[in-house]
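Topology and contacts: notes
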Amino acid sequence: MRNQNPMLAQVLRLSPVIPVLVIERTADALPLARALLEGGLKVLEITLRTPNALEVIATLANHLPNAMIAAGTVTTPQQWEAAARAGAQFAVAPGLTTALIERAPSAPIPLLPGVATASELMTALDGGFECFKFFPAQPAGGTAMLKAFGGPFPDALFCPTGGITADTAPSFLALPNVACVGGSWLAPASAVQSGDWATITALARAAVSLGHT
Ligand code: 3PG
């Protein structure tokens, strides 16, 4: 059983880092996204943690056809469907529930579910998923945990997220079962609030340079 579009693995490999974005002001969405794309990133995760998140996703999906827009912090089938309607191309969840597994066969867009333990990974693999957000990556065991997953679960591919920095990202990206990492360090709140897009482009450019060697 496969419940995840095989294209998702290719999407995760588009850029070494997926910026995890919490956008408070819709007006910041386009300049922020353009700054990140200017730096060479291709996939942006907009978390559903602000009341305007779906509006932000719709704005980016409409104006930036070359960007891959993901909806993050999706925890229910209803949010998954709303994200798809807004124009997100895939959804990211911090974990995985029975309701999400049951919705997967008829879901409008792929889901990258979160896992943190071997049992969660087994449940998700049984549910037909092959690509995972390893969350919260650093507190849940970091690179040592991912190396350990590689033995019993050689086909699982990960996007570790949570507590990763520009300094620690390379050690994750060096692992064969890591497609990319996620992180919020690319869009510091102070830079977004002050409209310092040049700083954000520089952070994105540095993140792109972390790509697989
Ligand atoms: C997430 O939502 O995926 C994480 O909170 C991002 O983690 P970070 O802020 O530690 O990068």
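The structure we're discussing is the one just above.
Residues numbered from 1 in each chain as written. Predicted model: local features only at pLDDT ≥ 70, side-chain atom pairs only at ≥ 80, totals over all residues. Heavy atoms only, no water.

Examining the site of the ligand
- In the vicinity of the ligand, the contacting residues are Val20, Arg49, Lys133, Phe135, Thr161, Gly162, Gly163, Gly183 and Ser184.
- Between Gly163 and the ligand, the recorded distance is 2.6 Å, taken from a backbone N or O atom to an oxygen atom.
- In the environment of the ligand, an oxygen atom lies 2.6 Å from a nitrogen or oxygen atom belonging to the side chain of Ser184.
- In terms of residue class, the shell around the ligand is made up of 2 nonpolar, 5 polar and 2 charged. (Near = heavy atom within 4 Å. Polar contact = N/O pair within 3.5 Å; in protein donor to acceptor, adjacent residues only side chain to side chain. Nonpolar A, V, L, I, M, F, W, Y, C, P; charged D, E, K, R; others polar.)

Considerations on the packing of aromatic side chains
- For the structure shown, the criterion picks out 5 aromatic pairs.
- Note on Phe132 and Phe158: the rings are 5.9 Å apart at their centroids and 40° apart in plane angle, and the pair reads as tilted. Of this pair, Phe132 sits in strand S7 (residues 131-134) while Phe158 sits in strand S8 (residues 157-160), placing them 26 residues apart in sequence.
- A relative accessible area of 0% means that Phe132 is categorised as buried.
- Within the aromatic cluster, the residues linked to one another by ring pairs are Phe132, Phe134, Phe149, Phe153 and Phe158.
- Just above the ring of Phe135 sits the side chain of Lys133; from NZ or CZ to the centre is 4.7 Å. (Phe/Tyr/Trp six-rings, centres within 6.5 Å; stacked < 30°, edge-to-face > 60°. Helix = DSSP H or I, 4+ residues; strand = E, 2+ residues; numbered from the N terminus. Buried < 20%, exposed > 50% of the residue type's maximum accessible area, 1.4 Å probe, protein only. Lys NZ or Arg CZ within 6 Å of the ring centre and 35° of its normal.)

Regarding the pattern of salt bridges
- Going through the model one piece at a time under the given rule, you end up with 2 salt bridges.
- Across the pair Arg103 and Glu81 runs a salt bridge whose closest N-O atoms are separated by 2.4 Å. Of this pair, Arg103 sits in helix H5 (residues 98-103) while Glu81 is found in helix H4 (residues 77-86), placing the two residues 22 residues apart along the sequence. (Salt bridge = Lys/Arg side-chain N within 4 Å of Asp/Glu carboxyl O.)

With respect to the nonpolar core
- Counting 62 residues, the largest nonpolar core has Leu36, Leu60, Phe158 and Val181 as the members making the most contacts within it.
- The element best represented in this core is helix H2 (residues 26-38), accounting for 6 residues.
- Apart from residues no more than four positions distant in its own chain, Leu60 is found in contact with Ala29, Leu30, Ala33, Ile46 and Ile69.
- Of all hydrophobic cores here, the second largest spans 15 residues; its members include Leu12, Val43, Met68 and Leu157. (Core = buried A, V, L, I, M, F, W, Y, C linked by side-chain atoms within 4.5 Å. Contact = heavy atoms within 4.5 Å.)

Quick word on the sheet that holds strand S3 (residues 68-72)
- Spatially, the 6 strands line up as an open sheet ordered S5-S4-S3-S2-S1-S9, and their pairing is parallel. Looking at strand neighbours, the two that pair on one side only are strand S5 (111-112) and strand S9 (181-183), the edges of this open sheet.
- Across the sheet, helix H3 (residues 53-63) is in contact with strand S2 (43-47) and S3; its angle to S2 comes to roughly 160°. (Pairing = 2+ DSSP bridges. Axes fitted to C-alpha atoms, helices over the stretch in contact; angles between N-to-C directions.)

A closer look at the environment of Glu102
- Along the chain, the position of Glu102 falls in helix H5.
- Glu102 gets classed as exposed once you look at its relative accessible area, which sits at 60%.
- Between the alpha carbons of Glu102 and Ala53 there is a distance of 25 Å; along the sequence they are 49 residues apart.

That is the geometry; function is a separate question.
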